[in-house]
Amino acid sequence: MNKLWILIKSEYNQVVKKKSFLIGILLTPLFMVLVTVVPALLMAKKSATTEKTAIIDLDKQGIGEKFKEKLAEYKLDDGGPAYEVAEILTPDPLDSVSIATMKARLDSLILAKEIKSYLVISPDIENKDTAFIVAKSFGFRTSGRFERRLSDIVASLRLEKAKVGVSIDSVLHLTRSVILSEKAPGGRERDFLTVYLGGIIFVMIIFMTVIGYGQILMRAIIEEKNSRIMEVLVSSVSSFQLMASKIIGLGLANLTQVAIWIVIGMGIYAFRGNLDIRADIAEILFNPVFIFFFVVYLILGYIMYSSLFALIGAIVNTDKEAQNFIFPITMSLIFPVILASYFIQEPDSTTAIVLSLIPFFTPTMMILRLSFMGVETFSLSNPIILEAIIGIVITALADILIIWVTARIFRIGILMYGKRPTLPEIVKWVRHG
Amino acid sequence: MHEYLKLENISKRYDDKIAVDNLSLSVPKGSIYGVIGPNGAGKTTTIRMIMDIIAPDAGKVLINGQNAVADFKNKVGYLPEERGLYKKMTLEEIISLLAEIKGCSRNFINERIPIWLDKMSLGEYRKKKVEELSKGMQQKLQFITTLLHEPDLIILDELFSGLDPLNIELIKNILLEEKRRGTTILFSTHVMEQAEKLCDYICLINKGKKVLDGRLAEIKSRFGRNTVHVEAEGDTSFVRSLPGVEKVTEFNNYLELKLNETADSRAILKEIADRLMVRRFEMLTPSLYSIFIDIARVDPDELTRKEPAL
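These numbers come from a predicted model, not from an experiment.

Draft legend 1. Representation of the overall build of chain A within the structure. Across its full length, chain A holds 17 helices and 4 strands. Within chain A, the fraction of its 433 residues that count as buried is 32%. The contacts in chain A between residues at least 6 apart in sequence include a share of 77% that link residues at least 24 apart.

Draft legend 2. Structural view of the overall build of chain B. Within chain B, the regular secondary structure consists of 10 helices and 14 strands. Expressed along its principal axes, the backbone C-alpha trace of chain B runs to roughly 70 × 45 × 40 Å. Among the 310 residues that make up chain B, the fraction classed as buried is 37%. Partitioning the contacts of chain B with sequence separation of at least 6, the portion at a separation of at least 24 is 72%.

Draft legend 3. Expanded view of the interface of chain A and chain B. Taken together, the 14 residues of chain A in the interface contact 16 residues of chain B. Breaking the side of chain A that touches chain B down by element, the ones donating at least two residues are helix 1 (3–16) and helix 9 (229–233) of chain A. Considering every element that reaches the side of chain A that touches chain B, the biggest residue donor is helix 1 of chain A, with 4 residues. Residues belonging to the side of chain A that touches chain B are distributed by class as follows: 7 nonpolar, 4 polar and 3 charged.

Draft legend 4. Quick peek at the nonpolar core. Counting residues in hydrophobic clusters, the biggest one holds 139 residues, and the most contacted among them are Ile206, Leu217, Ala310, Ile367 and Leu370 of chain A together with Ile155 of chain B. Among the elements that take part in this core, helix 12 (residues 288–315) of chain A stands out by supplying 17 residues, more than any other. If sequence neighbours within four positions are ignored, Leu370 of chain A has contacts with Phe290, Phe293, Val375, Ile384 and Ala388 of chain A. With 18 residues, the next largest nonpolar core counts Ile55, Ile56, Leu106 and Tyr118 of chain A among its residues.

Draft legend 5. Local environment of the packing of helix 13 (residues 319–343) of chain A against helix 15 (residues 362–373) of chain A. Residues and elements named next belong to chain A. At a minimum axis separation of 9 Å, helix 13 and helix 15 run at an interaxial angle of 30 degrees. One finds that helix 13 runs roughly parallel with respect to helix 15. Helix-helix and strand crossings are classified by hand; for helix 13 and helix 15 the assignment is right-handed. The residues of helix 15 that touch helix 13, namely those facing Leu333, Pro336, Ala340 and Phe343, are Thr364, Met365, Leu368, Arg369 and Phe372. Here the contact of helix 13 with helix 15 is composed, by residue class, of 7 nonpolar, 1 polar and 1 charged.

Draft legend 6. Expanded view of the pairing of strand 6 (residues 76–79) of chain B. All names here are of chain B. Neither face of strand 6 is exposed, since Val76 and Tyr78 on one face and Gly77 and Leu79 on the opposite face are all buried. Bridge count for strand 6 against strand 7 (residues 153–156) is 4 bridges, and the pairing is parallel. Within the sheet, the bridge partner assigned to Tyr78 lies in strand 7 and is Ile155.

Draft legend 7. Representation of the packing of helix 12 of chain A against helix 15 of chain A. Residue and element names in this part refer to chain A. With their axes 9 Å apart at the nearest point, helix 12 and helix 15 run at an angle of 170 degrees to one another. The angle between helix 12 and helix 15 places the two elements in the roughly antiparallel class. In this structure, helix 12 contributes Phe290, Phe293, Phe294, Tyr297, Leu300 and Gly301 to the contact, and helix 15 contributes Pro363, Thr364, Met366, Ile367, Leu370 and Ser371. Residue composition of the contact of helix 12 with helix 15, by class: 9 nonpolar, 3 polar and no charged.

Draft legend 8. Helix 3 (residues 106–119) of chain B, seen in detail. The end-to-end C-alpha distance of helix 3 of chain B, which contains 14 residues, comes to 20 Å, matching closely the 20 Å that a straight helix rising 1.5 Å per residue would cover. Where helix 3 of chain B ends, the next residue or the one after it, Ser121 of chain B, has phi of about 45 degrees, a positive value.

Draft legend 9. Main features of the sheet that holds strand 4 (residues 58–63) of chain B. Residues and elements named next belong to chain B. Read from one edge of the open sheet, 4 strands run 2-1-4-5, paired in antiparallel fashion. Sheet topology places strand 2 (17–28) and strand 5 (66–67) at the edges, where each strand pairs with a single neighbour. Bridging between strand 1 (residues 3–14) and strand 2 involves 8 bridges; their strand directions are antiparallel. Residue pairing across strands places Leu5 opposite Val27, the latter belonging to strand 2.

Draft legend 10. Expanded view of the sheet that holds strand 3 (residues 117–121) of chain A. All names here are of chain A. Ordered in space as 2-1-3-4, the 4 strands form an open sheet in which the pairing is mixed. Taken across any chain shown, the strands that pair with only one partner, and hence form the sheet edges, are strand 2 (83–89) and strand 4 (131–135). Averaged over all pairs of adjacent strands, the angle between strand axes in this sheet comes to 20 degrees, irrespective of strand direction. As judged from the 5 bridges shared by strand 3 and strand 4, these two strands associate in the antiparallel manner. Looking at the pairing, Ser117 lines up with Ala135 of strand 4. Docked against the sheet, helix 3 (residues 63–71) engages strand 1 (51–57), strand 2 and strand 3, running at close to 170 degrees with respect to strand 2.

Draft legend 11. How the structure looks around the confidence of the model for chain B. Looking at chain B, the pLDDT average stands at 84 and 93% of residues meet or exceed 70. Across residues 298–310 of chain B the pLDDT falls below 50, and counting only partners more than four positions away or on other chains, this stretch makes 10 contacts in the model.

Draft legend 12. Here's a closer look at the environment of Thr90 of chain B. Residue and element names in this part refer to chain B. Note on placement: Thr90 falls in the loop between strand 6 and helix 2 (91–100). On the neighbour-count criterion, Thr90 (16 C-beta atoms within 10 Å) is partly exposed. Distance in space between the C-alpha atoms of Thr90 and Leu122 is 12 Å, their sequence separation being 32 residues. Those residues in contact with Thr90 that lie beyond four places of it in its chain are Lys127, Lys128 and Lys129.

Draft legend 13. The arrangement of the environment of Ile144 of chain B in detail. Residues and elements named next belong to chain B. With respect to the helices, strands and loops of the structure, Ile144 is situated in helix 4 (residues 135–147). Classification of Ile144 by C-beta neighbours within 10 Å gives buried; the count is 22. Other than its neighbours up to four places away in sequence, Ile144 contacts Ile95, Trp116 and Met120.

Draft legend 14. Representation of unusual backbone geometry within the structure. All names here are of chain A. At Asp124, a residue that is not glycine, the phi angle is positive and equals roughly 55 degrees. Within the element layout of this structure, Asp124 appears in the loop between strand 3 and helix 5 (125–128). According to the C-beta neighbour criterion, Asp124 is exposed, with 11 such atoms within 10 Å. Positioned with a positive phi, Asp129 is a non-glycine residue whose angle comes to about 60 degrees. Within the secondary structure layout, Asp129 lies in the loop between helix 5 and strand 4. With 10 C-beta atoms counted inside 10 Å, the residue Asp129 sits in the exposed group.

Calculation notes
Chains are numbered independently. Their residues run from 1 in the order of the written sequence. Here every chain gets a letter starting at A, and every ligand a number starting at 1, in the order they are written. This being a predicted model, a pLDDT of at least 70 is required before a residue's local features are given, and a value of 80 or more before pairs of side-chain atoms are given or counted; all residues contribute to the totals for chains, interfaces and linings. Under the DSSP-based scheme used, a helix requires at least four consecutive residues in state H or I and a strand at least two consecutive residues in state E, with every element numbered from the N terminus. Here a residue counts as buried when 20 or more other C-beta atoms fall within 10 Å of its C-beta, as exposed when 12 or fewer do, and as partly exposed in between; the C-beta atoms come from the backbone. C-beta atoms are first placed from the backbone for all residues, and any pair lying within 7 Å is then listed as a contact. Note on residue classes: Ala, Val, Leu, Ile, Met, Phe, Trp, Tyr, Cys and Pro are nonpolar, Asp, Glu, Lys and Arg are charged, and everything else, Gly too, is polar. Only buried Ala, Val, Leu, Ile, Met, Phe, Trp, Tyr and Cys residues enter a nonpolar core, and they are joined through C-beta atoms within 7 Å. As a rule, the C-alpha atoms of each element are fitted with a line to give its axis, helices using only the stretch in contact, and angles between N-to-C directions run from 0 to 180 degrees. Angular relationships are summarised with four words: roughly parallel below 35 degrees, roughly antiparallel beyond 145, roughly perpendicular across 65 to 115, and oblique for the angles in between. Left-handed is the label given to a crossing in which the near helix is rotated counterclockwise from the far helix by less than a right angle, and right-handed is the label when the rotation is clockwise. Each pair of strands is called paired provided DSSP finds at least two bridges between the two strands. To estimate how far a helix should extend, the number of its residues minus one is multiplied by 1.5 Å. Per-residue confidence from the predictor is given as pLDDT, running between 0 and 100.

Structure, rendered in structure tokens:
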């Protein structure tokens, strides 16, 4: 059997047979489920009950009653009322003491969880334009509904007083707002948050596994250098075989892990039951073009960064020394995520294209752009596909260069003990290697 | 004399110093060859150049008269000075891995593992992890991994460093066994007394240069029977000034005297016996150590001129 293959197998087994590998495989998706699915479940459960509310009507023109009628229009999924107005209070006389008492009573009802909120309609609301809602927490849905309904009622009151001679209902009908929904070219619905999270999740997988396995690789090299087993190994295999076996062996472990995650993800989606998982997440997961680019960029990015980690491992003597070098690597990998909120608005701006063709950023940046822009078919006439392919070529060339440099440093570095080489020394190794 | 390994004028320079300077040596097949010198003499660099771990700046390393061929690495067993193993692997796993990358078949490995573990009395630890072994046991394990694939050439850097006395005896016996099998063995050390008991051939090096090489027995006889070991009670400082005594080396409980050509050993014995109680007075060939101390003081260039190589 080929020596390289024997070493790859040994490296792979050393990682995969560890308990931490299994824990990483299970815990990471569990963590992702916790932060995504559980809040969704909780919210779904919450909206399934009728919210009790109360009204203090200081305006005393019957707005409170009208508001109660309008709220009755909102229904839950099971057909029950979404809101229940427990009481409408119209203080008489309108003195501050009785208002304060009233508020204090409702406040205590909220604390006792008798009601969820109460609405205070200010006196002379049609001119002062103010009302407020009191609650322990605010769902953006409820506030929006209350504001819209209250505005409608006050508007109709104003129209009535202005004697415009047009029916209130027809004015409301004529001034109703348009519903704006977001779609990608091709007609798929795209929601800002889902697209953003979908892209970020894949970049985070690249980031976490590349940094994770890169550090395992680096620590292993430092340890083997310190335990001097390196020297025994290079008496049987070449230093290049040794380096390649480590990068490939750990890379296969990384791919195993990601493959298991993708299968788990697909499994969760297939057995989602009535979980509210957005259709566009599924489109990313089951999109073969996107998954193809994801896997290719994961591999290319892994090779690039793990070679850099191997380089660091070969020149330092302790984990502590290595920390200074790790920071720039982590930064250049995470850089696209920092800019993600900007690129989601303009994923095909010149800045985005240029940055995504700089090899160190290409793997993560290109995946972000691909998921933001959406890819349907493998067609070269689509500029993003063409750019993604150019990105693959550029990254592959950069990988070859980095491996070449690392191999020359690795060869000498793994046999150097004690003093850390200076930069001029390292340059000399590369030039004369 | 069939040479298995030959170094031709190899040199290696690091930034500020010459580690190995124009070194040549021939290692006959089936011999035990000791490369001997103090720390920093260039022994490890020489061995690493033989192993093709570092490339010489100049000169050639020849195996069986040829430049080192690709499968040379499979035929050599190498134990560096600093010895390490994967701590988390079991004995069986680490032995298998290191033998497999030497090109051994699984069958061969499985057959040899119990034999070697028994030979080193590690049989019961086969499934244990390396980290569970004592240091002495790890040393024995390292020897197994160096020898299991039945190499033609065994290279051991600082053979005796860190070995406990029991293991030294065990390893010596195993190396002699390997020699009988026809294996060529080259080791480096700075412990000359041990080397003396094991080597057929030696090469003394100092500051990267060869001081002296050849068959151990010949070297010793060349330096003549001009050495005397004296063991006596009392103040021996006067011995230094006796006529004919060229040099005195003090050991723990005896003196080694080097006599010049005109010395009368009987007169010297008489002189000492008159003053002190003599327990031992023995004329013998000089120890490697005293030869080395003697020669290394002179410039190696100088020496080569005075004493043409063997």
